[in-house]
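The chain contents come next:
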Amino acid sequence: GAGVSQSPSNKVTEKGKDVELRCDPISGHTALYWYRQSLGQGLEFLIYFQGNSAPDKSGLPSDRFSAERTGGSVSTLTIQRTQQEDSAVYLCASSPDRQNEKLFFGSGTQLSVL
Amino acid sequence: DQQVKQNSPSLSVQEGRISILNCDYTNSMFDYFLWYKKYPAEGPTFLISISSIKDKNEDGRFTVFLNKSAKHLSLHIVPSQPGDSAVYFCAASSGTYKYIFGTGTRLKVLA
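Residues numbered from 1 in each chain as written. Chains lettered and ligands numbered in written order. Predicted model: local features only at pLDDT ≥ 70, side-chain atom pairs only at ≥ 80, totals over all residues. Heavy atoms only, no water.

**Examining the layout of surface pockets**
Reasoning step 1: Within this model, the largest pocket holds a volume of roughly 680 Å³.
Reasoning step 2: Along the walls of the largest pocket sit 31 residues, with A:Q37, A:L39, A:V89, B:K38 and B:R106 positioned nearest its centre.
Reasoning step 3: Elements that contribute at least two residues to the lining of the largest pocket include exactly β8 (88-95) and β10 (109-113) of chain A together with β9 (86-93) and β11 (105-110) of chain B.
Reasoning step 4: Each residue belonging to the lining of the largest pocket can be placed in one class, and the counts come to 12 nonpolar, 16 polar and 3 charged.
Reasoning step 5: When its volume is computed, the second largest pocket comes out at roughly 310 Å³.
Reasoning step 6: In this structure, the second largest pocket is lined by 15 residues; those nearest its centre are A:L43, A:E44, B:Q2, B:I100 and B:F101.
Reasoning step 7: Listing elements by their share of the lining of the second largest pocket, those giving two or more residues are β5 (43-50) of chain A together with β10 (100-101) of chain B.
Reasoning step 8: Examining the composition of the lining of the second largest pocket, we find that 3 residues originate from one element, β5(A), more than from any other. (1 Å grid on protein atoms, 1.4 Å probe; cavity = no way out; pocket = protein on both sides within 12 Å on 5 of 7 lines; lining within 4 Å. Points joined across faces, edges and corners; volume = space filled by probe spheres on them. Helix = DSSP H or I, 4+ residues; strand = E, 2+ residues; numbered from the N terminus. Nonpolar A, V, L, I, M, F, W, Y, C, P; charged D, E, K, R; others polar.)

**Focus on the interface of chain A and chain B**
Reasoning step 1: With 19 residues of chain A at the contact, the number on the chain B side is 18 residues.
Reasoning step 2: Counting the surface lost from both chain A and chain B, the interface buries some 1600 Å², and carbon and sulfur atoms represent 58% of this.
Reasoning step 3: For the pair chain A and chain B, the interface holds 1 salt bridge.
Reasoning step 4: B:K98 is the salt-bridge partner of A:D56, the closest N and O atoms lying 3.4 Å from each other.
Reasoning step 5: Between chain A and chain B we count 4 residue pairs in polar contact (both at pLDDT 80 or more) in total.
Reasoning step 6: Going through the elements one at a time, β4 (31-37) and β5 of chain A are the ones with two or more residues in the side of chain A that touches chain B.
Reasoning step 7: A breakdown of the residues in the side of chain A that touches chain B according to their chemical character gives 8 nonpolar, 8 polar and 3 charged. (Contact = heavy atoms within 4.5 Å. Buried area = accessible area lost by both parts, 1.4 Å probe. Salt bridge = Lys/Arg side-chain N within 4 Å of Asp/Glu carboxyl O. Polar contact = N/O pair within 3.5 Å; in protein donor to acceptor, adjacent residues only side chain to side chain.)

Okay, structure coming up:
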């Protein structure tokens, strides 16, 4: 596709359930990021993938959060045992493999944990 | 520890006038800065960037100014249009891939 694609666009879940969020980056982009935006907050870095290198997971808020990227393309962010404070917009972005390159964002997944 | 700060959560400007959005940072290692615009229910879209070797970058109606000594950058929009109404985020990086974003400023351009 032409842009970064995220699914689902909206997800409502009950506290304690697991959720999976998907990101399909721009073709040819080797760098992939996950950010989240909680209400009234900025974009919070979660995790970064670059090619076959080990991901930078330094932004993941707890061990309930994990992410993987298969075949250097599609990525899945998994949140286990969701809590109400996990409610946020989860944004995926991709960029070419070059320093100081702008990020291209998807439309995000609005996650609501009841 | 908020390394990138946008202290004005909102700003209202009359159509045709100048909009000035401000951003402050604390990390002197930041050397690349970007501005993004975000409409509701959409992802942020890139607007303009500036490297620390410059103090100004211009693209059409948008100009970004960088004051390294003050650790301050600003985005000027002239003239402002109703379609510019959105949330604006500044972001900074230190020569790496990790961009630190501010909390955003909601701009409303009044017709």
